[in-house]
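Here is how the chains run, residue by residue.
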Amino acid sequence: MDQPLLALKGIVKTFGPMTAVDSVDLEIRAGRIHALLGENGAGKSTLMNCLFGLLRPDSGSIEIEGVAVEVTSPKKALELGIGMVHQHFKLVPSLTVAQNVALGREPHSGPFVKTKEAEATVERLSREYGLDVDPRSRVRSLSVGAQQRVEILRALAQDVRILVLDEPTAVLTPAETERFFEVIKGFAARGLAVILISHHLSEVRRVADEVTVLRQGRRVAHSAIEEVTNTQLAELIIGRAQPIVSEVERGTPGETRLSIDGLDVRDGRGLEIVHAVSFTVRAGEIVGVLGIAGNGQTEMVEAITGLRRPASGSVVINGIETAGEHTGLVRRAGLGHVPEDRNGRGLAGYWSVQDNISIGYLDTPEVGGRLTSRARMGALARRLMIDFDVRANSPQQQARRLSGGNAQKMVLARELSRKPDVVVCAEPTRGLDIAATAAVRSRLVEARDLGAAVLLVSSEIDEVTQIADRVLVISSGRIVAEFDDHRPTEAEVGRAMLGGHE
Amino acid sequence: MTEPQDSETATAARSFPGLVATARRVVPLGLFQSMVAIVLGIVICFVIMLFATADPLVAFQAFTLGTFRNAYSIGSMIAIASILAVTAFASTVAFRAGAFNIGTEGQLVLGGLTAAIIAEKLPGPGGLVQVIALLGAMAAGALWIAIPTVLRVRYRTNEILTTLMANYIAADLALFLVNQYFRDKGSGAVETPPLDESRWLLQILPPSAANIGVVVALVLAGVLWLWFDRTRAGKRAEVSGLQPAFAEYLGIHSVSYLRNSMLISGALAGLGGGLAILGISHAYIDGFSPQYGFLGITVALIGRLRPVGVLVSALLYASLITGATAMQAVSDVPYSLVFVLQGILILLITSQRIGGRRTA
């Protein structure tokens, strides 16, 4: 074999007791597109951050053309010809394309920037690689796809030879994605080495030459793309089917409480991110919506709970049409909501536990009425803190001083204690330790057994397969699979999540 | 726009649109921080006196205790304190709802002018005219903040800038209106004709300026305490300012609370102006306000945005203002030390906790 352009050898990176990357080897060749696959937390980002100098590996070496190098900082990485395009752009919207590309290293004579020269560079690179951006337009006026090309131009302007693209298509529309693939194929044709981090098997199959799969920090496969099937890849990514038998019995559903029909939702940029989603949730069942984060779940939940106006479709809670209505009305219709953004939406960190709980009871005689009372709020808070095992020094403790688990239990105390008919919870155990996770899940099961219709939106496979009675799989804003009659195994849902059925 | 920028500036610039869209949260000082600020502020004033005068102890004694030398200056102190409390309540209402109304001074000036005009022109029994004049002052203050409010609520325009700029417009507008239409032709100063005594607020410690405005301040304190601590609307207004995303999630129309809080804040500042005119200066005089509006911001923050705290800090601050007058008489330290103190306090307060933070 010829010498690889870049070789990572035995890279190890640990964070405390956890090994994020465990002696991983990776060889990247010039003129090839190398896909890096793996679940969230499989170690892809950690590995790439080691390569880009954002993290220092505990052991292992990085070689470029056979010469060992030390990548101590992103600046050093760029000098070595390693460029990285992050998922979130780092551009200045008010500056022009050329100004952004030249930012920090403008061609100048004395104190004056040679704008013409900067523009000429962008024009040349843009033509050479078929990127098609006008160096003089302002970044804020560009589409996301064009902004991404500016981000790539910034790397190219540094003469990079190795380009790392972190989930580049996550922010693109299908048409932009097509175009983007042509561009990166062009890079490879010109001798660049491209590392493509992705979740989508179908995309990887279309552009990549080689593929490496990481799982739990280890490299579990490396081969040419022609030599593996999508099914094999899906199994490699999520691991062999390990049948975990759930101990939670399935519920006995009653009448329909939440029904979603033909829901289309646009994101903040006006792109349709949820397409024609329909499903129902009945009293006494947990319906799990499972998908890799960023496939429209956040926007879907916002549309159901009144935080975002859907483009079209209907949301019926307890027989009341609530699509496009304010959260106040949606709540009165019978919704309890455990939000994904716990600290931003689910609680006020500078408020006490007591205030955070009783704010959900303001419209009840328990703390409301003509005048509220601190004594009654305190009594309510103390009662619910015991019921939901919220461990705080006192009801007066500020919520931001709680651990993640206790903060989430406080949110559950507020939302579930009023026995709402419909409970929508998004990523309810994100960032929680094992004990808190178990407690939260059993609360949801308990709410179901008391007759609530529970919609559980999660990216945790085991969460959904353990407690959901029915499982829907969401991918790119569509429901792509449904498991009605049984709790699916991890392998079954895993394949559907990664688009392996395609 | 061609100077080099590091990537951090670039990131900050990228996130700027979000900053405008969310409310700023004012986290009230702790009791200890608040006391540290005032003590430290007074100590620094003393250090300045060491350099400014040959006899700093005399000056310092007059500054801190001069108010209490006789009943007259205690009366002045009470009169000033009641105005400061009202303008500080105006700031409190806005700050607690997440709106930085820095324009209380302008709202106060226009409120004062409105009260002066109504009190002068409207015939009728004194008490009734006084009430109408004060209501007019509130309306003027609310009207003046209505422009920044609409800009903030509808176009997410930063209200710090708009309310601050509105102060200057208000000052010049008042000057123009008085000069053009309402000026006392017999006077050399820019002022409206002196008000008839029936229009004066009832004095409680004659001949000092202390008047029943202090009752207004006390009643307001009670009402605001009820509103913030005992009503649902107050709780909802507070969470709307503290964390709009949380408020919306809870089903609260946070924008309405923001809007109403701003309007109430403007009305209270206008009321402060009316009280100052009817209670102290008894005519609209250019410069009748020794920056009651701006001082009210400091008083509100030192008072930790709580009604009782504001009352205490208004008394304290007013005693320093009256003391500064006495100090000017007995030593060569000028009255403007008060403004030095204000600057120091603002620096101390902001360096401790006031954040222009975005919600996550």
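J.: Please provide a residue-by-residue account of the overall build of chain A, values included.
T.: A tally of helices and strands in chain A yields 17 helices and 22 strands. Principal axes of the C-alpha set define a box for chain A whose edges measure 70 × 55 × 45 Å. When each of the 502 residues of chain A is scored for burial, the buried share is 58%. Residue pairs in contact within chain A that sit at least 24 positions apart in sequence constitute 67% of those at least 6 positions apart. Within chain A, one finds 60 positive and 65 negative side-chain charges whose respective centroids are separated by 6 Å.

J.: Hey, could you go over the sheet that holds strand β17 (residues 320–321) of chain A for me, with residue numbers and the actual values?
T.: All names here are of chain A. Pairing is antiparallel in the open sheet, where four strands are placed in the order β14-β13-β16-β17. Every other strand in the sheet has two partners, leaving β14 (272–282) and β17 as the edge strands with one partner each. As defined by bridge partners, strand β13 (residues 256–266) adjoins β14 across seven bridges and the pair is classed as antiparallel. Each bridged residue has a counterpart across the sheet, and for V265 the counterpart in β14 is V274. Across the sheet, helix α9 (residues 297–305) touches β13, β14 and β16 (312–317), and the angle it forms with β13 is around 125°.

J.: An account of empty space enclosed by the protein is needed here, citing residue identities and associated values.
T.: Residues and elements named next belong to chain A. Summed over all chains, the structure comprises three cavities of 30 Å³ or more. In terms of lining, the second largest cavity is formed by G145, Q148, R149, L172, E176, R179, F180 and V183. Elements that contribute at least two residues to the lining of the second largest cavity include exactly α5 (144–156) and α6 (174–189). Tallying contributions element by element places α6 first for the lining of the second largest cavity, with four residues.

J.: If you had to explain the packing of helix α8 (residues 230–238) of chain A against helix α17 (residues 490–497) of chain A to someone new, which residues and values would you point to?
T.: Residue and element names in this part refer to chain A. In the contact formed by α8 and α17, the axes pass within 9 Å of each other and the chain directions differ by 120°. α17 is crossed by α8, and the crossing has right-handed handedness. Contact residues: α8 offers T231, A234, E235 and I238, while α17 offers E490, A491, G494 and R495. Counted by class, the contact of α8 with α17 contains three nonpolar, two polar and three charged residues.

J.: Mind laying out the interface of chain A and chain B, listing which residues take part and the relevant values?
T.: Tallying the contact residues gives 45 residues for chain A and 31 residues for chain B. Taking both partners together, chain A and chain B bury about 3,300 Å²; carbon and sulfur atoms supply 58% of that area. Considering only the surface of chain A that becomes buried against chain B, H326(A), Y350(A) and W351(A) emerge as the three largest contributors, covering 19% of it. A salt bridge links K235(B) to D355(A); its shortest N-O distance comes to 3.2 Å. Linking chain A with chain B are 15 residue pairs in polar contact (both at pLDDT 80 or more), by the criterion used here. Those elements that provide at least two residues to the side of chain A that touches chain B are α10 (327–332), α11 (342–346), α12 (353–358), α13 (374–387) and α14 (404–416) of chain A. Counting residues per element, the side of chain A that touches chain B draws most heavily on α11(A), at four residues. For the side of chain A that touches chain B, the class distribution of residues is 18 nonpolar, 17 polar and ten charged.

J.: Account for the confidence of the model for chain B, with residues named and values stated.
T.: Interpreting fine coordinate detail is not advised for predicted regions of low pLDDT. Residues and elements named next belong to chain B. On average, residues of chain B score 86 in pLDDT, and 90% of them reach the 70 mark or higher. Averaged pLDDT values over the elements of chain B bottom out at 30 in helix α1 (residues 7–21) and peak at 96 in helix α5 (residues 104–121). Taken as a whole, residues 1–23 scores under 50 in pLDDT and shows 39 contacts with residues more than four places along the chain or in a different chain. Within the model, pLDDT remains below 50 along residues 354–360, and this stretch shows 23 contacts once partners closer than five positions in the same chain are excluded.

J.: Would you mind going over the packing of helix α4 (residues 71–96) of chain B against helix α13 (residues 307–330) of chain B in detail, with residue names and values included?
T.: All names here are of chain B. Look at α4 against α13: their axes get within 7 Å of each other, and the N-to-C directions meet at 135°. The angle between the axes of α4 and α13 places the two elements in the oblique class. Crossing hand, α4 versus α13: right-handed. Contact residues: S73, S76, M77, I80, A81, L84, A85, A88, F89 and T92 in α4; P307, V310, L311, A314, L315, Y317, A318, S319, I321 and T322 in α13.

J.: Tell me about the pattern of salt bridges, and please be specific about residues and values.
T.: Residue and element names in this part refer to chain A. Scanning the model with the defined rule gives 39 salt bridges over all chains in all. R179 is paired through a salt bridge with D132; the nearest N and O atoms lie 3.6 Å apart. A residue pair is termed long-range when its members are at least 10 positions apart, and R179 in helix α6 and D132 in the loop between α4 (115–128) and α5 qualify at 47 residues. By sharing partners, the salt bridges in this structure join R282, E285, R470, E482 and D484 into a single network.

J.: Give me the environment of R448(A): which residues, what numbers.
T.: Residues and elements named next belong to chain A. The topology assignment puts R448 in helix α15 (residues 434–449). Between the C-alpha atom of R448 and that of T256, which follows or precedes it by 192 residues, the distance is 13 Å. Residues contacting R448, with those up to four places away along its chain left out, are V248, E249, R250, G251, G284, E285, I286, V454, I467, D469 and R487.

J.: Tell me what's going on with a nonpolar patch on the surface, and back it up with residues and numbers.
T.: A surface patch of nonpolar side chains, about 470 Å² in accessible area, is lined by F32(B), V36(B), L40(B), I44(B), I48(B) and V340(B). Within the element layout of this structure, F32(B) appears in helix α2 (residues 31–52).

What counts and how
- Residues numbered from 1 in each chain as written.
- Chains lettered and ligands numbered in written order.
- Predicted model: local features only at pLDDT ≥ 70, side-chain atom pairs only at ≥ 80, totals over all residues.
- Heavy atoms only, no water.
- Helix = DSSP H or I, 4+ residues; strand = E, 2+ residues; numbered from the N terminus.
- Buried < 20%, exposed > 50% of the residue type's maximum accessible area, 1.4 Å probe, protein only.
- Contact = heavy atoms within 4.5 Å.
- Lys, Arg positive; Asp, Glu negative; His and termini not counted.
- Charge placed at Lys NZ, Arg CZ, Asp CG, Glu CD.
- Pairing = 2+ DSSP bridges.
- Axes fitted to C-alpha atoms, helices over the stretch in contact; angles between N-to-C directions.
- 1 Å grid on protein atoms, 1.4 Å probe; cavity = no way out; pocket = protein on both sides within 12 Å on 5 of 7 lines; lining within 4 Å.
- Points joined across faces, edges and corners; volume = space filled by probe spheres on them.
- Left-handed = near helix turned anticlockwise from the far one by under 90°.
- Nonpolar A, V, L, I, M, F, W, Y, C, P; charged D, E, K, R; others polar.
- Buried area = accessible area lost by both parts, 1.4 Å probe.
- Salt bridge = Lys/Arg side-chain N within 4 Å of Asp/Glu carboxyl O.
- Polar contact = N/O pair within 3.5 Å; in protein donor to acceptor, adjacent residues only side chain to side chain.
- pLDDT = per-residue confidence, 0-100.
- Parallel < 35°, antiparallel > 145°, perpendicular 65-115°, else oblique.
- Patch = residues over 30% accessible without salt bridge, like charges linked within 9 Å, V, L, I, M, F, W, Y side chains within 5 Å.
- Areas by Shrake-Rupley, 256 points an atom, 1.4 Å probe, with all protein chains shown as cover.

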